Amino acid sequence: MQEKGTISIHTENIFPIIKKFLYSDNEIFLRELVSNAVDATQKVKRLATLGQYTGDLGDLTVEVSFDKEKKTITIADKGLGMTADEIKKYINQIAFSGATEFVEKFKDAKDANEIIGKFGLGFYSAFMVAHRVDIHSLSYQEGAKPAKWTCDGSTSFEISEGDRTERGTEIVLHINEESEEFLDKWKLQEILDKYCKFLPIPIKFETKTENVEDGKDDEGNPAYKSVEVDNIINTTQPIWTKAPSDLKDEDYLAFYKELYPMSEDPLFWIHLNVDYPFNLTGVLYFPKVKNEFELQRNKIKLFSRQVFITDEVKDIVPEFLMLLHGVIDSPDIPLNVSRSFLQADGNVKKINSYITKKVADKLSELFKKDRVSYESKWNDIGLFVKYGMVSEDKFYDKAKDFALLKNTKGEFYTLPEYQEKVKAAQTDKDEQTIFLYSTDPEKQNTFIESANKKDYDVLALDSPIDSHFINNLEQKLEKTSLKRVDADVVDKLIKKEESTSNVLTEEQSKQVKEVFEKAIANQSYTVEVEGLSPEELPVTITMEEFMRRMKDMAQTGGGMGFYGAMPDNYKVAINGNHKIIDKILKAEGEEEKGRLAKQAFDLAKLSQGMLSGKDLTEFVKRSVDLI
Ligand code: ADP
Ligand code: MG
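Scoring rules and cut-offs
- Residues numbered from 1 in each chain as written.
- Chains lettered and ligands numbered in written order.
- Predicted model: local features only at pLDDT ≥ 70, side-chain atom pairs only at ≥ 80, totals over all residues.
- Heavy atoms only, no water.
- Core = buried A, V, L, I, M, F, W, Y, C linked by side-chain atoms within 4.5 Å.
- Buried < 20%, exposed > 50% of the residue type's maximum accessible area, 1.4 Å probe, protein only.
- Helix = DSSP H or I, 4+ residues; strand = E, 2+ residues; numbered from the N terminus.
- Domains from an automatic or database assignment.
- Contact = heavy atoms within 4.5 Å.
- Axes fitted to C-alpha atoms, helices over the stretch in contact; angles between N-to-C directions.
- Parallel < 35°, antiparallel > 145°, perpendicular 65-115°, else oblique.
- Left-handed = near helix turned anticlockwise from the far one by under 90°.
- Nonpolar A, V, L, I, M, F, W, Y, C, P; charged D, E, K, R; others polar.
- Salt bridge = Lys/Arg side-chain N within 4 Å of Asp/Glu carboxyl O.
- Pairing = 2+ DSSP bridges.
- UniProt positions renumbered as here; feature names shortened; annotations may be inferred.

Some points on the nonpolar core
Right, on to step 1. Ile-355, Leu-363, Val-385 and Phe-395 are the most contacted members of the largest nonpolar core, which has 61 residues in total.
Right, on to step 2. Here this core takes 9 residues from helix H9 (residues 346-369), the largest share from any one element.
Right, on to step 3. Composition of this core by domain shows at least three residues from each of domain 2 (239-373) and domain 3 (403-493).
Right, on to step 4. With residues up to four places along the chain from it excluded, the contact list for Ile-355 reads Leu-272, Leu-284, Ile-316, Val-317, Pro-318, Leu-321 and Ile-328.

Dropping the structure here:
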């Protein structure tokens, strides 16, 4: 029996197209062929379970091998095999309609995934790297004859009786010149590791050396010898395929180490397992974040029935959870379609909200179960939670009960707890509750102390996400606004009805203002004389909240370039009620007045970490003179 025929595609040049447009991704040929081999093996297992195949299943290991000399790569399985008719049916008739449309549509396709799966071209991806492909197959069916198929990458094929004696299929790729890089042990190992590491059927590639016990040596200690054993590249039952109840913490940690050998142990994890209305399994880990700037996205791996697809899970995983690590496996994610389609896909949307909900539930559970331990992890968890609250309203609604605010004393409060705590002391005359915060408790210490003296509490909101979180809280919390503790002198941070009056006369105030303006001699500082409590500092330098936020935004690239370009503008609040001011007024001569004013101003700068260089040197000299 020998037959020649033509592969039924409606265009003559499908292979050049596959090759040309998919070149960048051509390593996926191996994923496609190995998963076909695995599929065929699982099918024969199922047939055996159903009693439709009664032969001996035998060793079902799939084998990948290569021959550098002959320039071939072979994928062999002991799956259900194909008869000649089945090869014609399944391989030759690539039945998709309108090849012209296909060519049109995908001439700009960026990745092979888009095209391969959509048109059921898995097998044909072989032609991305091979100039000729042979199939040797023997079907499991009684009395089936072995079949051999050869195709040289044109649309004509040859099919004849083969000589395979074992059930299953062997695909031999005759590697083309441009693809010879694949005829390399490490290259193949790398691709197998990437795509096939968790396939459900053992996959053998080459051999490896192992030390095994071999009797006893002369002293009676165990002796070892090295032997060559099959190198099985995959774990057939990765933990996400198992029931959570069958797993211990060690299993999750070991799996994490396997995925990310360089990472510290994760904080905790979530086992995803749902089969309705979509099918999804997986394990997501909360990593320990060493440094916010080191955060790595794209650490979640997406699988479809244990075949690795991609680590770009954007759209499937909510944006704020992209910082998590782990795996997601779902046959219900349309893997082979373009991004815009993915975003509109109903299943993808459901998966997205399922994951969000699971994460929120887990956090809520941890919070309720052991608040102390939850608080101790807040530095790491907080980042996700805040990021989530800022980016997704749905998550905010859940998280508002387990999100924590930390104050400068290191105490933690939930949002409702905190509102309750500060309401009495920190509500202004317009019924607004003012949350005070510090972005740098070290540097803003003077202000924090002044605030604490007034029984105000100050939050530590000192990570980069916090500037967004602050805006978010203001939008969500009713009658609440946030102010950085150095946005004004403490008496004015939270405006109350009563205000301490200024002991200075209008004339004196004017005089003080002039003395300071002259002494400071800098346009960036606006001097104002105010009646503050006599215990407050004589001079305080502040930057107004709105201006500072705009400048911060400009700095972090959030637009507002206009504010970024403006010079820093500070307010210098002179406490008219402080006795030093009185002293300055009474000082002999303009020069002495100026000297004292400058000293008081520098002192304020010093306490806020703003004094340096020449100014600092002068200040020290002046201080010595004054003593
Ligand atoms: P898909 O896997 O999406 O069906 P492919 O192009 O990868 O598309 O394969 C086409 C068909 O060829 C398969 O559905 C299967 O019937 C058959 N096939 C491919 N490889 C094998 C194999 N190793 N053993 C048995 N059948 C196979
Ligand atoms: Mg396939």
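A closer look at the packing of helix H21 (residues 589-607) against helix H22 (residues 613-626)
Right, on to step 1. The contact between H21 and H22 brings their axes to 10 Å, and the two run at 125 degrees. Comparing the axis directions of H21 and H22 gives the class oblique. As for the relative orientation of H21 and H22, their crossing is left-handed in sense. When H21 is examined against H22, the residues Arg-595, Leu-596, Lys-598, Gln-599, Asp-602, Leu-603, Lys-605 and Leu-606 are found in contact with a partner set consisting of Asp-615, Leu-616, Phe-619, Arg-622, Ser-623, Asp-625 and Leu-626.
Right, on to step 2. Residue classes in the contact of H21 with H22 are distributed as 6 nonpolar, 2 polar and 7 charged.

Considering the pattern of salt bridges
Right, on to step 1. Under the definition given, this model contains 33 salt bridges.
Right, on to step 2. With a shortest N-O distance of 3.8 Å, Glu-181 and Lys-187 are connected by a salt bridge.
Right, on to step 3. Assessed through its relative accessible area of 41%, Glu-181 is described here as partly exposed.
Right, on to step 4. Note that Asp-602 is salt-bridged to Lys-598, the shortest N-O span being 3.7 Å.

A short note on the sheet that holds strand E22 (residues 570-575)
Right, on to step 1. Read from one edge to the other, the open sheet built from 3 strands follows the order E20-E22-E21, with strand pairing classed as mixed. The two strands at the open ends of the sheet, each matched to only one other strand, are strand E20 (525-530) and strand E21 (539-542). Recorded for the sheet is a direction-independent mean angle of 25 degrees between the axes of neighbouring strands.
Right, on to step 2. Sheet analysis places E20 next to E22, joined by 6 bridges and oriented parallel. Directly across from Thr-526, in E22, lies its bridge partner Lys-571.
Right, on to step 3. Relative to the sheet, H21 contacts E20, E21 and E22, its axis offset from that of E21 by approximately 50 degrees.

As for the UniProt feature "binding site: ATP" (unreviewed entry) in the protein chain
Right, on to step 1. Per the UniProt record, the feature "binding site: ATP" (unreviewed entry) sits at Glu-32, Asn-36, Asp-77, Met-82, Ser-97, Gly-98, Thr-169 and Arg-339.
Right, on to step 2. Here Asp-77 is to be found in strand E3 (residues 72-77).
Right, on to step 3. Sequence-distant contacts of Asp-77, that is, excluding residues within four places in its chain, are made with Ala-37, Ala-40, Thr-41, Val-62, Arg-164, Arg-167, Gly-168 and Thr-169.
Right, on to step 4. Along the chain, Met-82 turns up in the loop between E3 and helix H3 (84-92).
Right, on to step 5. Setting aside anything within four residues of it in sequence, one finds Met-82 in contact with Ile-87, Tyr-90, Ile-91, Ile-135, Ser-137, Leu-138, Ser-139, Ala-147 and Thr-169.

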